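Coordinate analysis (summary)
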Amino acid sequence: MNFQNLNLFILAIPIVTSFIISIGLYLYYRKKPKVDKGFKFNYYALSYRRKLWRTVYSIPLSIPPIAVIYLILGFSSLFIFIILFFTILFALQASFNYVMWQRELKQ
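Now for a look at the structure at hand. None of the values given here were measured: they were computed from a predicted structure.

Rules and cut-offs
- Residues numbered from 1 in each chain as written.
- Predicted model: local features only at pLDDT ≥ 70, side-chain atom pairs only at ≥ 80, totals over all residues.
- Heavy atoms only, no water.
- Phe/Tyr/Trp six-rings, centres within 6.5 Å; stacked < 30°, edge-to-face > 60°.
- Helix = DSSP H or I, 4+ residues; strand = E, 2+ residues; numbered from the N terminus.
- Buried < 20%, exposed > 50% of the residue type's maximum accessible area, 1.4 Å probe, protein only.
- Lys, Arg positive; Asp, Glu negative; His and termini not counted.
- Salt bridge = Lys/Arg side-chain N within 4 Å of Asp/Glu carboxyl O.
- Contact = heavy atoms within 4.5 Å.
- Polar contact = N/O pair within 3.5 Å; in protein donor to acceptor, adjacent residues only side chain to side chain.
- Axes fitted to C-alpha atoms, helices over the stretch in contact; angles between N-to-C directions.
- Parallel < 35°, antiparallel > 145°, perpendicular 65-115°, else oblique.
- Left-handed = near helix turned anticlockwise from the far one by under 90°.
- Nonpolar A, V, L, I, M, F, W, Y, C, P; charged D, E, K, R; others polar.

Here we take up the packing of aromatic side chains. Aromatic ring pairs are reported here in terms of the distance separating the ring centres and the angle at which the planes meet. Within the structure shown, the criterion is met by eight aromatic pairs. Considering the side-chain rings of phenylalanine 81 and phenylalanine 85, the 6.1 Å spacing of their centres and the 20 degrees angle between planes classify their relative orientation as stacked. Of this pair, phenylalanine 81 and phenylalanine 85 both sit in helix 4 (residues 77-106), four residues apart, roughly one helical turn. With relative accessibility at 41%, the residue phenylalanine 85 sits in the partly exposed group. The interplanar angle of 75 degrees and the centroid separation of 5.3 Å between the aromatic rings of phenylalanine 85 and phenylalanine 86 together place this pair among those described as edge-to-face. Every member of this aromatic cluster is reached through a ring pair, and the members are Tyr70, Phe75 and Phe79.

The next point concerns the side chain of arginine 50. Here arginine 50 shows up in helix 2 (residues 48-58). The buried charged residue arginine 50 lacks any salt bridge partner; its closest oppositely charged side chain belongs to aspartate 36, at an N-O distance of 5.6 Å. Among all residues touching arginine 50, those that are not within four sequence positions of it are Val35, Asp36, Lys37, Gly38, Phe39 and Lys40.

All right, on to the environment of leucine 105 then. With respect to the secondary-structure elements, leucine 105 resides in helix 4. The exposed category is assigned to leucine 105, whose relative accessible area is 56%. Separated by 56 residues in the primary sequence, leucine 105 and arginine 49 have C-alpha atoms spaced 9.8 Å apart.

Before going further, it helps to spend a moment on the side chain of serine 47. Mapping serine 47 onto the fold places it in the loop between helix 1 (3-29) and helix 2. Here the side chain of serine 47 touches aspartate 36 through a polar contact of 2.6 Å, side chain to side chain. Once residues within four sequence positions are removed from consideration, serine 47 is found in contact with Lys34, Val35 and Asp36.

Bringing the packing of helix 3 (residues 63-73) against helix 4 into the picture now. Two elements in contact, helix 3 and helix 4, have axes whose closest approach is 9 Å; the angle formed by their N-to-C orientations is 165 degrees. By the angle between their directions, the pair helix 3 and helix 4 is classed as roughly antiparallel. Viewed along their axes, helix 3 and helix 4 form a crossing whose handedness is right-handed. Listed contacts from helix 4 to Ile66, Ile69, Tyr70 and Leu73 of helix 3 are Leu78, Phe79, Ile82 and Ile83. Among the residues forming the contact of helix 3 with helix 4, the class breakdown is eight nonpolar, no polar and no charged.

Moving on to the packing of helix 2 against helix 4. Direction vectors running N to C along helix 2 and helix 4 enclose 155 degrees, while the axes themselves pass 8 Å from each other. By the angle class used here, helix 2 and helix 4 are roughly antiparallel. Pair helix 2 / helix 4 crosses with left-handed handedness. On helix 4, the residues that touch Tyr48, Arg49, Lys51, Leu52, Thr55 and Ser58 of helix 2 are Phe90, Gln93, Ala94, Phe96, Asn97, Tyr98, Met100, Trp101 and Glu104. For the contact of helix 2 with helix 4, the residue count by class is eight nonpolar, four polar and three charged.

In structure tokens form, the structure reads like this:
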């Protein structure tokens, strides 16, 4: 195993771990009642309205990590890709939570 494969392996460990934990929490909270008032740390225990608001107020919190990435990478094509990727992810997450919130209101 060469050095580059070892780096990819080390990078894959936290990614795979976070996916496994996310799937486990989703499955655990899938049938439980959701919280719509008060503080709840776990994202999966929130209602869609609360998930939408958490997504909205997490956008300003993502600015410092973007600044750190800019300082490390500079203004490169990788930096532009990272910004576009996370912007699209935030937009998709916010729109999905909004649609699901509106669907819950109709029921």
